[in-house]
Every structure is written in structure tokens, then in C-alpha cells.
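Listed below are the residues making up each chain.
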Amino acid sequence: RLASEGATVVILDRPGDAEAGQKVAASINGKFIGVDMSAPDAAATIIDFIKKELGGGVDIVVHNAGITRDKTIGNMDAAAWDMVISVNLNAIVTTNKALLAAGVIKENGRIISLSSTSGFAGNFGQTNYATTKAGVIGYVRSLSQSTKDKKITVNAVAPGFIETAMT
């Protein structure tokens, strides 16, 4: 919808999924960037792209990266816990911090983070996932207070189950 109204939309996906991401970007006359959101340099790569390809700023950021590593908490190893926390929560926090510090989100901009109904209600076998989605809700509430002076609105959206390649 944004592309049809003239916005330049950037599709961001894992480098391993570049072909599909590039295809979507081409279909809407957008741009593609391949970034692993759990990589330490992800935010710097995104900022560099914004400065070079978009004239230095964006109006809307949508945090949609998410993974699951489902197991009951008793059967979950530390690696599965850490990976979900890293992608679903830490990547949002570190990326926003860097984007805001670099000043690449324009005044009156929007930051939208995907949470989940699991963030409110939990879900059996998804303790790590539910924790991240609840964390997104709390983080967004806090961040929205600190971005008021820049007139940047921060929201979370909490959909229920959506059938995707991941699910």
C-alpha cells in the first residue's frame, strides 16, 4: 500500500533469503537489503544503507523480524532461549538505539514493532517467544515516552497466529 502511494519501501531480510526479498522489492519498485538482525553490525549496516540509498532518513520503521525455537522450558537449551531473545527483542532495542542516535528517523516518524498475543497470554511451549513479545510491549511503552520530543511515535502491534513460511 505504501509503495502504491509513492513511498520507497525497503525490504529487509536475511542474506540467505535475498532472492525472495529482491523479488518482492522489485515488484513494488522498492529496495532490498540483506541483513541478519542478530549480527552485531546489523544496525550499522542499516544506517549506512539509509544514508547511501535513501538520502539519509526514513519515515517509518517496521520491526517484523522474528523466530521461534519452540520447546517447553524444561526441554529448552540456552542456545534456543538466547537466539529467540536476540532476534525478537534485542535486535529491536539495539537497532532503534542506533537509528535514533544517528538521527535517521525523520521528525514525525513512526516505529512499529510486531509483538504477539502470546506477549499477553503466553503460549505453551513458547516461553522464550512469549517473553520476547511481552518485552516488546513493555519496551515500546517506555521508548514512546523518550521519543516524544522528536515527534516520533512508537507502537506495538500484537496479532494472533499468522500463517507464514516460519509457522
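Structure: see above.
Values in this document were obtained by computation on a predicted structure and should not be read as measured data. (Residues numbered from 1 in each chain as written. Predicted model: local features only at pLDDT ≥ 70, side-chain atom pairs only at ≥ 80, totals over all residues. Heavy atoms only, no water.)

Caption draft 1: Structural view of the overall build of the protein. Helices and strands together make up the secondary structure of the protein, namely 5 helices and 5 strands. Secondary structure of the protein in N-to-C order comes out as β-α-β-α-β-α-β-α-α-β. The C-alpha atoms of the protein give 16 Å as radius of gyration, which agrees with the globular expectation for 167 residues (15 Å, within 12%). Dimensions of the protein, computed from C-alpha atoms along their principal axes, come out at roughly 50 × 40 × 30 Å. (Helix = DSSP H or I, 4+ residues; strand = E, 2+ residues; numbered from the N terminus. Rg over C-alpha atoms; globule rule 2.2 N^0.38 Å.)

Caption draft 2: Seen up close, the packing of helix H2 (residues 42–53) against helix H3 (residues 78–102). Two numbers describe how H2 lies on H3: the axes approach to 9 Å, and their chain directions differ by 40°. Accordingly, the angle class assigned to the pair H2 and H3 is oblique. In this structure, H2 meets H3 at a crossing whose hand is right-handed. Listed contacts from H3 to Ala-43, Ile-46, Ile-47 and Ile-50 of H2 are Thr-94, Thr-95, Ala-98, Leu-99 and Ala-102. A breakdown of the residues in the contact of H2 with H3 according to their chemical character gives 7 nonpolar, 2 polar and no charged. (Axes fitted to C-alpha atoms, helices over the stretch in contact; angles between N-to-C directions. Parallel < 35°, antiparallel > 145°, perpendicular 65-115°, else oblique. Left-handed = near helix turned anticlockwise from the far one by under 90°. Contact = heavy atoms within 4.5 Å. Nonpolar A, V, L, I, M, F, W, Y, C, P; charged D, E, K, R; others polar.)

Caption draft 3: The arrangement of the nonpolar core in detail. With 24 residues, the main nonpolar core has Leu-99, Ile-105 and Ile-111 as its most contacted residues. Those elements that provide at least two residues to this core are H2, strand E3 (58–63), H3, strand E4 (105–114) and helix H5 (127–146). In contact with Leu-99, other than residues within four places in its own chain, are Ile-46, Ile-47, Ile-50, Val-61, Val-104 and Ile-105. (Core = buried A, V, L, I, M, F, W, Y, C linked by side-chain atoms within 4.5 Å. Buried < 20%, exposed > 50% of the residue type's maximum accessible area, 1.4 Å probe, protein only.)

Caption draft 4: Focus on the pairing of strand E2 (residues 31–34). Pairing of strand E1 (residues 10–13) with E2, which is carried by 4 bridges, proceeds in the parallel orientation. Residue Ile-11 lies in a different strand from E2, and its bridge partner there is Phe-32. Note on the crossover from E1 through helix H1 (residues 18–27) to E2: the handedness is right-handed. (Pairing = 2+ DSSP bridges. Right-handed = clockwise from strand over helix to strand, strands pointing away.)

Caption draft 5: Here's a closer look at the environment of Thr-68. Topologically, Thr-68 is positioned in the loop between E3 and H3. Here Thr-68 falls in the partly exposed class, since its relative accessible area comes to 22%. Between the C-alpha atoms of Thr-68 and Asn-128, which are 60 residues apart in sequence, the distance is 8.1 Å.

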